[in-house]
Amino acid sequence: MAGLVLKNIDKIYENGFKAVNDFNLEIEDKEFIVFVGPSGCGKSTTLRMIAGLEEISGGELYIGDRLVNDVAPKDRDIAMVFQNYALYPHMTVYDNMAFGLKLRKMPKEEIEKKVRNAARILDIEHLLDRKPKALSGGQRQRVAMGRAIVRHPKVFLMDEPLSNLDAKLRVQMRTEIAKLYRELKTTFIYVTHDQTEAMTLGTRIVVMKDGLIQQVASPKEIYENPANMFVAGFIGSPQMNTFYGTTYEKEGKVFLKMLDKEVEVPKDKADILREKDHANADVIVGIRPENISCKKADVDKAEVVFESEIEVSENLGAETFLYLKAEGRQLIIKTATAENLNTKGSLRYIMDLNKLHIFNKEEQYTVF
């Protein structure tokens, strides 16, 4: 087993395009790290550099204590699971899983033991005599993972392994991967653009944009304390609401004007605004949809009540999303579904001021 260290890693293509820029990360042994970000952010390129499938333009990559910049992929002791399964169509499931071990001239008895054990872990023992064309998408993905498991690598690399599956299978396979991680107790590096996968699987998440790391933290930390507006908007479903506001000091207190209302900023937050020179500034305000309430009992006892027109409502059964128009911007409220919920016309609602996020207007970094 092994940790990894990526020091000042760059990837520059021949046309001058910089896909990964000064990537620095230490991955501990037995961590489950998730690279997440939009298409083209450099997450798959970084994974392929770790695997040795892409040449590193600059920086140093260590697996354990070994510098592996110039080490061939087969000698890095890693296993990779691809998005498209990459199974041999003419081979049975057993032979697909055993193929890499046979190339290593491993004894037949040991191959049998490893393949059977991996098949048991993945619940595909009954499929070992089938060929890939006779398998469902989820079964093929299990076979691809089984082929990686039998090698007992130091590091598992997974490049969007669930993106070709339907929604139900994705949830099922996500659970299987989490169980697999707990059972194998080795290092996993997982690439996805799906923030739900990132939040549910990762011990830490690396959020990327334009080849740069935006934030590295636990799922809870990233959700509650995003480093900037990009992270705040990318992580969370529905995404965080953002709108313009202005802070100002009056009579020793700090106030925030937003959506045509003035609210007093809680003292601990006000102290942060003063400390970071944002107590008298134009800012961007953020609040997550679940931190806005339209319950009558909450609204009736609140000092500051907002009101906006409902444009669309989505009843999802256990919860409802309300899409409002506020100062020309869309505002989303996530609320428990109730039969008497008003879903037409104007809506009165309140915000949990302790859950507000404030971002610098120009550079969009987080103030709090």
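Conventions and cut-offs
- Residues numbered from 1 in each chain as written.
- Predicted model: local features only at pLDDT ≥ 70, side-chain atom pairs only at ≥ 80, totals over all residues.
- Heavy atoms only, no water.
- Buried < 20%, exposed > 50% of the residue type's maximum accessible area, 1.4 Å probe, protein only.
- Helix = DSSP H or I, 4+ residues; strand = E, 2+ residues; numbered from the N terminus.
- Pairing = 2+ DSSP bridges.
- Phe/Tyr/Trp six-rings, centres within 6.5 Å; stacked < 30°, edge-to-face > 60°.
- Lys NZ or Arg CZ within 6 Å of the ring centre and 35° of its normal.
- 1 Å grid on protein atoms, 1.4 Å probe; cavity = no way out; pocket = protein on both sides within 12 Å on 5 of 7 lines; lining within 4 Å.
- Points joined across faces, edges and corners; volume = space filled by probe spheres on them.
- Nonpolar A, V, L, I, M, F, W, Y, C, P; charged D, E, K, R; others polar.
- Expected span 1.5 Å × (residues − 1).
- Contact = heavy atoms within 4.5 Å.
- Axes fitted to C-alpha atoms, helices over the stretch in contact; angles between N-to-C directions.
- Polar contact = N/O pair within 3.5 Å; in protein donor to acceptor, adjacent residues only side chain to side chain.

Q: So what exactly am I meant to see when it comes to the pairing of strand β20 (residues 357-360) here?
A: A regular strand places its side chains so that they alternate between the two faces of the sheet. Here β20 shows a buried face lined by His357 and Phe359 and a second buried face lined by Ile358 and Asn360. As paired strands, strand β14 (residues 281-287) and β20 are joined by 4 bridges and run antiparallel to one another. Residue pairing in the sheet places valine 283 in a bridge with asparagine 360 of β20.

Q: How do you make sense of the packing of aromatic side chains when you look at a structure like this?
A: Here a ring pair, both rings aromatic, is described through the centre-centre distance and the interplanar angle of the planes. Taken as a whole and assessed by the stated rule, the structure comprises 10 aromatic pairs. Residues phenylalanine 32 and phenylalanine 188 carry aromatic rings whose centres are separated by 5.2 Å and whose planes lie at 20° to one another, so their mutual orientation is stacked. Here phenylalanine 32, found in strand β3 (residues 32-36), pairs with phenylalanine 188, found in strand β8 (residues 187-192); they are 156 residues apart in sequence, far enough to count as distant. Like phenylalanine 188, phenylalanine 32 is buried. Taken together, the ring pairs in this structure connect Phe32, Phe156, Tyr181, Phe188 and Tyr190 into an aromatic cluster. The side chain of lysine 11 reaches across the aromatic face of tyrosine 13, ending 4.9 Å from its centre. One residue, lysine 361, lies across the ring of tyrosine 244, its end atom 5.2 Å from the ring centre.

Q: Would you mind going over unusual backbone geometry with me for this structure?
A: Glycine aside, residues mostly have negative phi angles, and peptide bonds mostly take the trans form. Following serine 237, the chain continues to proline 238 via a peptide bond in cis, the omega torsion being -5°. Within the secondary structure, proline 238 is located in the loop between α8 (229-234) and β11 (241-250). The backbone of lysine 30 shows a phi angle near 70°, a positive value even though the residue is not glycine. Considering the arrangement of structural elements, one finds lysine 30 in the loop between β2 (18-27) and β3.

Q: Is there a simple way to explain the layout of surface pockets in this structure?
A: A water-sized probe, rolled over the atoms, reveals where empty space remains. Looking at the largest pocket, its volume works out to about 600 Å³. Lining the largest pocket are 19 residues; nearest its centre among them are Ile78, Met80, Phe82, Arg147 and Arg151. Of all the secondary-structure elements, those providing two or more residues to the lining of the largest pocket are β6 (78-81), α2 (93-103) and α4 (137-149). Sort the elements by how many residues they give to the lining of the largest pocket and α2 lands first, with 4 residues. Here the lining of the largest pocket is composed, by residue class, of 13 nonpolar, 2 polar and 4 charged.

Q: Mind showing me how you'd approach the sheet that holds strand β16 (residues 306-315) here?
A: Pairing in this open sheet of 5 strands is antiparallel, and the strands run β15-β19-β16-β17-β18 from one edge to the other. This sheet does not close on itself; its edge strands, each paired only once, are β15 (292-293) and β18 (329-336). Taken together, the 2 bridges between β15 and strand β19 (residues 346-351) define a ladder with antiparallel strand orientation. Counted as the bridge partner of isoleucine 292 is methionine 351 from β19.

Q: Please clarify how α4 should be interpreted in this entry.
A: Working note: α-helix, 3.6 residues per turn, so residues spaced by three or four point in the same direction. In this model α4 runs 18 Å from its N-terminal to its C-terminal C-alpha over 13 residues, within 8% of the 18 Å that 1.5 Å per residue would give. Across the 13 residues that make up α4, a large majority, 10, are buried. Gly138, Gln141, Arg142, Val143, Ala144, Met145, Gly146, Arg147, Ala148 and Ile149 are the residues of α4 that are buried. Among the structural elements, β6, α2, α3 (108-122), β7 (155-159) and α5 (167-184) are those in contact with the buried residues of α4.

Q: Teacher, can you tell me more about the sheet that holds strand β9 (residues 204-209) here?
A: Each strand in a sheet pairs with its neighbour through backbone hydrogen bonds, running either in the same direction (parallel) or in the opposite one (antiparallel). Reading across from one edge, β6-β7-β8-β3-β9-β10 is the order of the 6 strands in this open sheet, with mixed pairing throughout. Edge positions in the sheet fall to β6 and β10 (212-217), since each has one partner strand and no second. Strand-to-strand twist in this sheet, taken as the mean axis angle between neighbours without regard to direction, amounts to 15°. Taken together, the 5 bridges between β9 and β10 define a ladder with antiparallel strand orientation. When the sheet's bridge partners are listed, isoleucine 205 is paired in β10 with alanine 217. Across the sheet, α4 is in contact with β6 and β7; its angle to β6 comes to roughly 175°.

Q: What should I look at first to understand the side chain of threonine 192 in this one?
A: Following the sequence through the fold, threonine 192 ends up in strand β8. Classification of threonine 192 by relative accessible area gives buried; the value is 2%. Side-chain polar atoms of threonine 192 contact the side chain of glutamate 197, separated by 3.0 Å. Leave out the neighbours within four places in its chain, and threonine 192 touches Val34, Phe35, Val36, Gly37, Lys43, Glu160, Glu197 and Ala198.

Q: Looking at this structure, I do not really get the pairing of β2. What am I missing?
A: Pairing geometry for strand β1 (residues 4-12) and β2, over 6 bridges, is antiparallel. Counterpart to isoleucine 12 in the pairing with β2 is lysine 18.

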